[in-house]
Amino acid sequence: MTIDFKEIIKEVKANQARLESCAGPHQFVIHTTIPGTPLGKTYRCERCQGTVDHHAHYWYQLGLKHSNNAIPPDKSDLSSEAKPG
């Protein structure tokens, strides 16, 4: 199996562009889960289709909670997830 680093960088940049251009707030839903690990989840925004890992999702949700803005809650349940250590 050959790893095409240029293709990986291209995909990362495209994902970053989707996330940064999102009108927001992001509406994340669970996208993938790696069995056997509570931190193996990725989340996809229903608005922009950008994806983030568990840690980015956790801190984004916590930032929204602390902002005291009237932002609709995420469709994923932050309270049931393992907190990053």
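Just above, that's the structure.
Report on the accompanying structure. Computed from a prediction, not measured in an experiment: that's the story for all the values here.

**Overview of the overall build of the protein**
Okay, so step 1: Within the protein, the regular secondary structure consists of two helices and three strands.
Okay, so step 2: Secondary structure elements in the protein, listed N-terminal to C-terminal, are α-β-β-β-α.
Okay, so step 3: In the protein, buried positions account for 28% of the 85 residues.
Okay, so step 4: Just so you have it, the protein exposes about 6,000 Å², and 58% of that area is on carbon and sulfur atoms.

**Side note on helix α2 (residues 54-67)**
Okay, so step 1: The terminal C-alpha atoms of α2, which comprises 14 residues, lie 20 Å apart, in line with the 20 Å expected from a rise of 1.5 Å per residue.
Okay, so step 2: Where α2 is buried, its residues contact β1 (28-33), β2 (41-45) and β3 (51-53).
Okay, so step 3: With a side-chain oxygen positioned 3.3 Å from the backbone nitrogen of His-55, the residue opening α2 is Asp-53.

**Section: the state of the cysteines**
Okay, so step 1: Inspection of every chain in the model, using the stated rule, returns zero disulfides.
Okay, so step 2: Cys-48 provides the cysteine sulfur closest to Cys-22, a residue in no disulfide bond, and the two sulfurs are 3.9 Å apart.

Quick notes on the rules
Residues numbered from 1 in each chain as written. Predicted model: local features only at pLDDT ≥ 70, side-chain atom pairs only at ≥ 80, totals over all residues. Heavy atoms only, no water. Helix = DSSP H or I, 4+ residues; strand = E, 2+ residues; numbered from the N terminus. Buried < 20%, exposed > 50% of the residue type's maximum accessible area, 1.4 Å probe, protein only. Areas by Shrake-Rupley, 256 points an atom, 1.4 Å probe, with all protein chains shown as cover. Expected span 1.5 Å × (residues − 1). Contact = heavy atoms within 4.5 Å. Polar contact = N/O pair within 3.5 Å; in protein donor to acceptor, adjacent residues only side chain to side chain. Disulfide = S-S within 2.5 Å.

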